[in-house]
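Chain by chain, the residues:
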Amino acid sequence: MQSRFNLVLQRICSNDSCTDLAQLTELSNLSQHRMAIAYSGGLDSSVLLHLCANFAKKYATYLIVFHIHHGISANADKWAEHCQQECKKLGLPFEAAYVQLERTSAEGVEATARKKRYAALGELCRRHQIDMVLTAHHQDDQAETMLLQLLRGTGVPGLCGMQQCHVAEGLLGSPTLLLARPLLECTRVELENYAAEHQISHIDDESNIDVFFKRNALRHQIMPILAQHFPGYQTRFSRTAHHAQSALYLLEQLAEQDYLSCVSSSITQSDLNVTQLEKLPDARIDNVLRYWLATHHVKMPATARLAEMRKQLLHARDDAQVCVKHGEIEVYRYRQQLSIATCAKPPPETQDVVWKGEVSLCFPAFFGTLFFDPVTAGQPGIDRTWLLKQQLQLRARQGGERLKLAINRPTRSIKSHYQTNGIPYWQRERLPFIFVGNDLLFAAGVGVHGDFQTMGDNCITLRWQSLE
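Residues numbered from 1 in each chain as written. Predicted model: local features only at pLDDT ≥ 70, side-chain atom pairs only at ≥ 80, totals over all residues. Heavy atoms only, no water.

From N to C terminus, the chain includes 16 helices and 21 strands. The C-alpha radius of gyration computed for the chain amounts to 29 Å, which surpasses the reference 23 Å derived for 468 residues by more than 25%, pointing to a less compact arrangement than a globule. Principal-axis analysis of the C-alpha atoms places the extent of the chain at approximately 90 × 50 × 45 Å. When each of the 468 residues of the chain is scored for burial, the buried share is 45%. Taking all contacts inside the chain whose residues are at least 6 apart in sequence as the whole, residues at least 24 apart take part in 66%. Put simply, the chain shows about 24700 Å² of open surface, and 51% of that area lies on carbon and sulfur atoms. Across the chain, the centroid of the 48 positively charged side chains sits 4 Å from that of the 48 negatively charged ones. (Helix = DSSP H or I, 4+ residues; strand = E, 2+ residues; numbered from the N terminus. Rg over C-alpha atoms; globule rule 2.2 N^0.38 Å. Buried < 20%, exposed > 50% of the residue type's maximum accessible area, 1.4 Å probe, protein only. Contact = heavy atoms within 4.5 Å. Areas by Shrake-Rupley, 256 points an atom, 1.4 Å probe, with all protein chains shown as cover. Lys, Arg positive; Asp, Glu negative; His and termini not counted. Charge placed at Lys NZ, Arg CZ, Asp CG, Glu CD.)

Spelled out as structure tokens, the structure:
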């Protein structure tokens, strides 16, 4: 088993088995890698520890062991001590991280423990400059994961199960740290036999036999029946996962092509053109919407929810102002464009502006930055010396504001300016105004009031850039 493990880990280290690492530099020299093991002390991770220790010794690879102490079990302190002692015997560096979990429902504890465990692993890896963290997931875990996903009504992504190697930024909080599962093609029985053969010491977590947890119920009550009637089902589940991963790759390729054909020529370069989108059948529209949401790091909606979003966004009147909320984002439709924005709290009514000549000032409460740009020679602007002496105030939109862009231009309502500039209705409430006393100096998205513009060599203009 050791030789097979070495080959698998070598392939992972050379990126041959990774599916999404084109942006990473390939490391051909194994000694250049800094690897870590997620070690719970259970049988699976104890076998992984033993195999990795031999691998690191043979290939002179740096290896450190991380243990996450959840504090749920009364035996948690003993487990951490056991892990430390085992690493001491092998001469491997060891560090434990302690996380606190809220005692909610059983499913809540499982989900919270997983999230905090990976976040703690990611933090440990950053602290120790680790580029790859290994977990002990195996073929039986893969089968359990896929069956759980099926019972939840999963689509193709859920059938993909776990990848052998990938970047898991959402879990580990890093865009470059690799999460690898070198035992993914091994069965639990193989690991048990290896542990027995090499007399590997391990602990038993009593929570693993509690069938109140759904994964444990599958493991102890359902999987034995599957094994009885369908021997070797784990291998076939693994084969299905590989087929699903291939299908998902093709879906993503198609989604990218459709997305590029539907991206509008708006300033953000990420809005979708409704006219182009409507040319696609519903299945491809949903595929594009999922891809689009993923580019904004948005949690995927359920199938029924996505269908409802599509209906609301695409079947509305051309002049309708549609807003569909999903989690922490809102999807808007305006002038045949679909846009995504983070749900934002209303800005404060006012905020004093103290300008001392800086190039820019950031106003997080108003979701943007105010820039003080020098104007081109021969162009009108605001006298810099005059502006430095003024008491400025940033204000939220109240309604009824009016502005003219030049001395010889008519005064128009801000709403009219917004319409002319094609500023979507949902952005308008987020665009602030700069006042000098009671006089409007600048409207974000529109420009500087003509009454305050002059000609000279010491002039600047104001520019607002939203954070989104």
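There is more to say after this.
Strand 1 (residues 34-38) sits mainly inside the fold: 4 of its 5 residues count as buried. Relative to strand 2 (residues 62-69), strand 1 runs parallel, the two being bridged by 5 bridges. Bridged to methionine 35 within strand 2 is leucine 63. Note on the crossover from strand 1 through helix 2 (residues 43-59) to strand 2: the handedness is right-handed. (Pairing = 2+ DSSP bridges. Right-handed = clockwise from strand over helix to strand, strands pointing away.)

Moving on to the sheet that holds strand 3 (residues 94-98). Two strands in a sheet stick together by hydrogen bonds in their backbones, pointing the same way (parallel) or opposite ways (antiparallel). The strand order 3-2-1-4-6-5 describes an open sheet built from 6 strands, whose pairing is mixed. With one partner strand each, in any of the chains shown, strand 3 and strand 5 (165-167) form the two edges of the open sheet. For this sheet the average axis-to-axis angle between neighbouring strands, irrespective of direction, equals 25°. Of the strands in this sheet, strand 1, strand 4 (132-134), strand 5 and strand 6 (178-180) are in contact with helix 1 (residues 2-13), which crosses strand 4 at around 150°. Strands in contact with helix 2 are strand 1, strand 2 and strand 4; relative to strand 1, the strand with the most contacts, it is inclined by about 160°. (Axes fitted to C-alpha atoms, helices over the stretch in contact; angles between N-to-C directions.)

A word on the packing of aromatic side chains. Counted under the stated rule, the structure contains 9 aromatic pairs. When the centroid spacing of 5.8 Å and the interplanar angle of 80° are considered together, the rings of tyrosine 233 and phenylalanine 237 count as edge-to-face. Taken together, the residues tyrosine 233 and phenylalanine 237, both in helix 10 (residues 233-262) and 4 residues apart, mark about one turn of the helix. Through successive ring pairs, a cluster of aromatic residues spans Tyr332, Tyr334, Tyr425 and Trp426. Over the aromatic face of phenylalanine 435 sits the side chain of arginine 395, whose NZ or CZ is 4.1 Å from the ring centroid. (Phe/Tyr/Trp six-rings, centres within 6.5 Å; stacked < 30°, edge-to-face > 60°. Lys NZ or Arg CZ within 6 Å of the ring centre and 35° of its normal.)

Mapped onto the secondary structure, leucine 183 falls in the loop between strand 6 and helix 8 (188-197). The sequence separation of leucine 183 and alanine 56 amounts to 127 residues, and the corresponding C-alpha distance is 16 Å. Excluding residues that lie within four positions of it along the chain, leucine 183 makes contacts with Met1, Phe5, Asp44, Leu48, Leu51, Ala136, His137, His138, Gln139 and Leu191.

With respect to the helices, strands and loops of the structure, arginine 402 is situated in strand 16 (residues 402-403). Judged by relative accessible area, which is 45%, arginine 402 ranks as partly exposed. Separated by 15 residues in the primary sequence, arginine 402 and histidine 417 place their C-alpha atoms 9.1 Å from one another. Setting aside residues no more than four positions away along its own chain, arginine 402 makes contact with Thr411, Arg412, Ser413, Ile414, Leu440 and His449. In terms of polar contacts, arginine 402 uses its side chain to reach the backbone carbonyl oxygen of threonine 411, at 3.2 Å. (Polar contact = N/O pair within 3.5 Å; in protein donor to acceptor, adjacent residues only side chain to side chain.)

In this section: the side chain of aspartate 140. Tracing the backbone shows aspartate 140 in helix 5 (residues 139-151). A polar contact is formed between the side chain of aspartate 140 and the backbone nitrogen of arginine 188, at a distance of 2.7 Å. Excluding anything up to four places from it in sequence, aspartate 140 contacts Cys186, Thr187, Arg188, Tyr233 and Gln234.

Another point: unusual backbone geometry. You will see that arginine 335, though not glycine, has its phi angle at about 50°, which is positive. Relative to the helices and strands, arginine 335 resides in the loop between strand 9 (329-334) and strand 10 (337-342). Exposure remark for arginine 335: the relative accessible area of 46% places this residue in the partly exposed category. Phi is positive for glutamine 336, close to 65°, though the residue is something other than glycine. Along the chain, glutamine 336 turns up in the loop between strand 9 and strand 10.

We now examine helix 12 (residues 282-295). Counted at 1.5 Å a residue, the expected span for helix 12 with its 14 residues is 20 Å, and the 20 Å between its end C-alpha atoms agrees. Listed in full, the buried residues belonging to helix 12 are Ile285, Asp286, Asn287, Val288, Leu289, Trp292 and Leu293. On its buried side, helix 12 packs onto helix 10, strand 7 (272-273), helix 11 (274-277), helix 13 (303-314), strand 9 and strand 10. (Expected span 1.5 Å × (residues − 1).)

Here the focus is the pattern of salt bridges. For the structure on display, the rule yields 18 salt bridges. Across the salt bridge formed by glutamate 86 and lysine 89, the nearest N and O atoms sit 3.2 Å from each other. Taken together, the positions of glutamate 86 and lysine 89, both in helix 3 (residues 76-90) and 3 residues apart, correspond to about one turn of that helix. What makes glutamate 86 buried here is its relative accessible area of 14%. Lysine 89 gets classed as exposed once you look at its relative accessible area, which sits at 64%. Arginine 430 is paired through a salt bridge with glutamate 330; the nearest N and O atoms lie 3.8 Å apart. Here the residue arginine 430 occupies a position in the loop between helix 16 (425-428) and strand 18 (433-436), and glutamate 330 occupies one in strand 9, the gap between them amounting to 100 residues. By the burial criterion, arginine 430 is buried, and glutamate 330 matches it. (Salt bridge = Lys/Arg side-chain N within 4 Å of Asp/Glu carboxyl O.)

Once that is clear, we can look at the sheet that holds strand 14 (residues 382-383). Spatial ordering of the open sheet is given by 12-13-21-14, a layout of 4 strands whose pairing is antiparallel. Of all the strands in the sheet, the pair left with one neighbour each is strand 12 (360-363) and strand 14.

The subject of this paragraph is the confidence of the model for the chain. The predicted model of the chain has a mean per-residue pLDDT of 88, with 93% of residues at 70 or higher. Per-residue pLDDT stays below 50 along residues 17-28; that stretch engages in 26 contacts with residues further than four places along the chain or on separate chains. (pLDDT = per-residue confidence, 0-100.)

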